[in-house]
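Summary of the model geometry
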Amino acid sequence: QITLKESGPVLVRPTQTLTLTCSFSGFSLTTSGLGVGWFRQSPGKALEWLGLVYWDDDERCSPSLKHRLTITRDTTKNQVVLRMTNMDPVDTATYFCAHFAQRRNFFDPWGQGALVTVSS
Amino acid sequence: DIQMTQSPSTVSASVGDRVTITCRASESVNSLLAWYQQRPGQAPKVLIYQASILENGVPSRFSGSGSGTEFTLTISSLQPDDFATYYCQQYDTYWTFGQGTRVDLK
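This section reports on the structure supplied with the text.

**A look at the state of the cysteines**
Using the criterion set out here, one finds two disulfides over all chains in the structure. Cys-23 of chain B shares a disulfide with Cys-88 of chain B; S-S distance 2.1 Å. Torsion about the S-S bond of the Cys-23 of chain B and Cys-88 of chain B cystine: about 70°, corresponding to right-handed handedness. With a gap of 65 residues between them, Cys-23 of chain B in strand S3 (residues 19–25) and Cys-88 of chain B in strand S9 (residues 85–90) connect regions that are remote in the sequence. In this structure, Cys-23 of chain B and Cys-88 of chain B share a single accessibility class: buried. This cysteine, Cys-61 of chain A, is not joined by any disulfide, and Cys-22 of chain A carries the nearest cysteine sulfur, 15 Å off. Relative accessible area serves as the criterion here: at 9%, Cys-61 of chain A is assigned to the buried category.

Shown next as structure tokens:
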């Protein structure tokens, strides 16, 4: 059974860097064709894809956020880390990580999400 | 970016009703379209992928159709568990979602 769980700060100050960790089980990020993606959902809004790290350490990020995002993996800990710089109140959202399989090319299952508020 | 537009934004329906949600892409996504269900406070769950393939374990009252730029999700007979928000997502070029359709009780 594949499970994922996001963890990190509940509150971030404007201009700070957000660091979120996705801890997963039930698969290995050394397995060819797999990946972990990140999404966010602002209160009452639609879902937004942020980025994806693949089994081979390749990284893809949303073009609109690419300049602020870094996604890295730690295969020994079964974790993926999202870093987003220069946080702003508009970045307040629930952040999700999700399992990715290249043969299907979409994301499932997802973690439960972590609410991050950006405020001074 | 490929833009996804869903309609309607809200559907008010009763148990047993047939519900249809439409999703339109700003350019062709071929059949690379998934539908997700999200209940309040929960993560999205995939229902259908490749426009019409039912994910394992998803009830057969859910169905999907379409290709290119026009897609439809149909719930043939709405059940109490189905009151939720539904999102389409294209995965032809990166991944983008529609704005969601909330199904609530009439």
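**With respect to the pairing of strand S5 (residues 45–49) of chain B**
When a strand is regular, its side chains alternate between the sheet's two faces. Residues and elements named next belong to chain B. Across the five residues of S5, four count as buried, placing the element largely inside the fold. Pairing of strand S4 (residues 33–38) with S5 involves three bridges; the strand directions are antiparallel. Bridge pairing links Gln-37 to Lys-45 in S5. Here S5 runs beside strand S6 (residues 53–54); their pairing, made up of two bridges, is antiparallel. Along S6, the bridge assignment pairs Ile-48 with Leu-54. Counted between consecutive antiparallel strands, the loop separating S5 from S6 contains three residues, among which Gln-50 sits at a positive phi close to 50°.

**Topic: the sheet that holds strand S8 (residues 70–75) of chain B**
Residue and element names in this part refer to chain B. In spatial order, the strands read S1-S3-S8-S7; together these four strands make up an open sheet with antiparallel pairing. Two strands lie at the open edges of the sheet, namely strand S1 (4–7) and strand S7 (62–67), each paired on one side alone. Geometrically, the sheet is characterised by an average inter-axis angle of 15° between neighbouring strands, direction not taken into account. With four bridges connecting them, S1 and S3 associate as antiparallel partners. Residue pairing for S3: Ser-7 is matched across the bridge by Thr-22.

**A few points about the nonpolar core**
Within the largest apolar cluster, 27 residues are counted, with the highest numbers of intra-cluster contacts made by Leu-18, Val-36, Trp-38, Leu-50, Val-80, Leu-82 and Tyr-95 of chain A. Discounting residues that sit within four places of it in the chain, Tyr-95 of chain A has contacts with Glu-6, Leu-18, Leu-20, Phe-39, Arg-40, Leu-50, Leu-82, Met-84, Met-87, Gly-113, Ala-114 and Val-116 of chain A. Grouped together as the second largest cluster of nonpolar side chains are 24 residues, Ile-2, Ala-25, Phe-71 and Ile-75 of chain B included.

Cut-offs used in this document
Residues numbered from 1 in each chain as written. Chains lettered and ligands numbered in written order. Predicted model: local features only at pLDDT ≥ 70, side-chain atom pairs only at ≥ 80, totals over all residues. Heavy atoms only, no water. Disulfide = S-S within 2.5 Å. Helix = DSSP H or I, 4+ residues; strand = E, 2+ residues; numbered from the N terminus. Buried < 20%, exposed > 50% of the residue type's maximum accessible area, 1.4 Å probe, protein only. Pairing = 2+ DSSP bridges. Axes fitted to C-alpha atoms, helices over the stretch in contact; angles between N-to-C directions. Core = buried A, V, L, I, M, F, W, Y, C linked by side-chain atoms within 4.5 Å. Contact = heavy atoms within 4.5 Å.

In short, the description is geometric, and any link to function would need to be established separately.
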